[in-house]
Amino acid sequence: MPVGHHGRVPGIYDEPELYEAACAYRDVPGEVDALLRWSGKHRDSDTGPLRSVLELAAGPAEHSRELARRGLDATTLDLSAAMCARARELAAANATPLTVVQADMRDFSLPRQFDLAITMLNSLCHLLTLDDLLRHLACVASHLAPGSLYITELAHPADFFAERRTSSEWSSEVNGGTVSVRWGGSRDEIDPITQITREHVSVTYRQRDGAIRTVTDVVPNRFWTATELTAAIRLAGGFAVAASYGDFGADTPVEAAGAWRMILVLRREDGASEPAGPAPLTATTTPASTSTTPAS
């Protein structure tokens, strides 16, 4: 199934500067600290030092650019030509070495393997079918050596099954103006059969000189449950679940009341078809949280 906006209005993924502004609330350095911490904890020790990273569905590539600034050999991949151009522009502006590849996260072929792969900001929601997800997992696995990690961040199941832990509306001060965002919300109902929600997105940038610009879109997103992900990982083979976390700062368990994300740490293993290790993927839907962290 093709992934993208419906084409009747300007798409948010064709507007990288506004998309970047909409996500300005993210603590990218802090999240990169967590990625490096988990890499040190869960990568096989005999794989050697962490030298290279591949970011998938990367958009403006905030995380891979930060990792490159910290000395890693970083490659970023995205389907959008506009996002790839923005990633190149931002990297060049700061003399940050970055390889940018325009490709589909379900079907790409790079002439090398990496020590770490990452997918941030719930980008797996763009994989709308099981076939999409399995193709993606197999493709990522082929680009990682045994013992290397794939870390992916998804929406927390409580957002769909219990009280929401992330907000669908937020504002940020960006470049002398205010960016107001509405990304989905209670009015966008999830299809109970396909588990796809057509999320209505609106990003408005109000500059101090009074100029206003708004971009709207309708973005199809697939919600993946924890059990579906576990089954897909087993079916795809090549990965085992090394750990799961509910945030970036305190390594909160996914099942904790304060968890607001579902972050999976997958270890590349030759011939792996069953999750292994002390931390199997689990997630509950405890509604005891009032966090209003924005999500995208």
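Remember, it's a predicted structure, so these values are computed and weren't measured experimentally. (Residues numbered from 1 in each chain as written. Predicted model: local features only at pLDDT ≥ 70, side-chain atom pairs only at ≥ 80, totals over all residues. Heavy atoms only, no water.)

Q: Could you give an account of the confidence of the model for the protein chain, with specific residues and numbers?
A: Looking at the protein chain, the pLDDT average stands at 84 and 87% of residues meet or exceed 70. Across residues 1-10 the pLDDT falls below 50, and counting only partners more than four positions away or on other chains, this stretch makes 23 contacts in the model. In the predicted structure, residues 272-293 sits below a pLDDT of 50 and forms 60 contacts with residues beyond four places in sequence or in another chain. (pLDDT = per-residue confidence, 0-100. Contact = heavy atoms within 4.5 Å.)

Q: How would you summarise empty space enclosed by the protein if you had to cite specific residues and measurements?
A: Under the counting rule described, the total for this entry stands at 1 cavity of 30 Å³ or more. Space inside the largest cavity adds up to approximately 50 Å³. Every residue lining the largest cavity is listed: Leu124, Leu133, Leu137, Thr152, Leu229, Ala232, Ile233, Leu264 and Leu266. Taken together, the elements giving at least two residues each to the lining of the largest cavity come down to α5 (130-142), α7 (226-236) and β12 (261-268). The leading source of residues in the lining of the largest cavity is α7, at 3 residues. The class makeup of the residues in the lining of the largest cavity is 8 nonpolar, 1 polar and no charged. (1 Å grid on protein atoms, 1.4 Å probe; cavity = no way out; pocket = protein on both sides within 12 Å on 5 of 7 lines; lining within 4 Å. Points joined across faces, edges and corners; volume = space filled by probe spheres on them. Helix = DSSP H or I, 4+ residues; strand = E, 2+ residues; numbered from the N terminus. Nonpolar A, V, L, I, M, F, W, Y, C, P; charged D, E, K, R; others polar.)

Q: Describe the nonpolar core, with residues and values.
A: Judged by nonpolar contacts, the single largest core of 46 residues is most densely connected at Ile12, Trp38, Ile118, Ile151 and Val203. Setting aside its immediate chain neighbours within four residues, Ile151 contacts Leu35, Trp38, Ser39, Leu116, Ala117, Ile118, Thr119, Ile263, Leu264 and Val265. (Core = buried A, V, L, I, M, F, W, Y, C linked by side-chain atoms within 4.5 Å. Buried < 20%, exposed > 50% of the residue type's maximum accessible area, 1.4 Å probe, protein only.)

Q: Pulling in residues and values, what's your account of the environment of Leu266?
A: In this fold, Leu266 is placed in strand β12. Sequence separation between Leu266 and Phe239 is 27 residues, and the spatial gap between their C-alpha atoms is 5.9 Å. If we skip the residues at most four places from it in the chain, Leu266 touches Leu137, Ser148, Leu149, Tyr150, Ile233, Phe239, Ala240, Val241 and Ala242.

Q: Outline the packing of aromatic side chains, supporting the account with residue identities and numerical values.
A: Taken as a whole and assessed by the stated rule, the structure comprises 4 aromatic pairs. Among the aromatic residues, ring-to-ring pairing joins Trp38, Tyr245 and Phe248 into one connected group. Across the ring face of Trp224, the terminal group of Arg222 is positioned such that the distance to the ring centre comes to 3.8 Å. (Phe/Tyr/Trp six-rings, centres within 6.5 Å; stacked < 30°, edge-to-face > 60°. Lys NZ or Arg CZ within 6 Å of the ring centre and 35° of its normal.)

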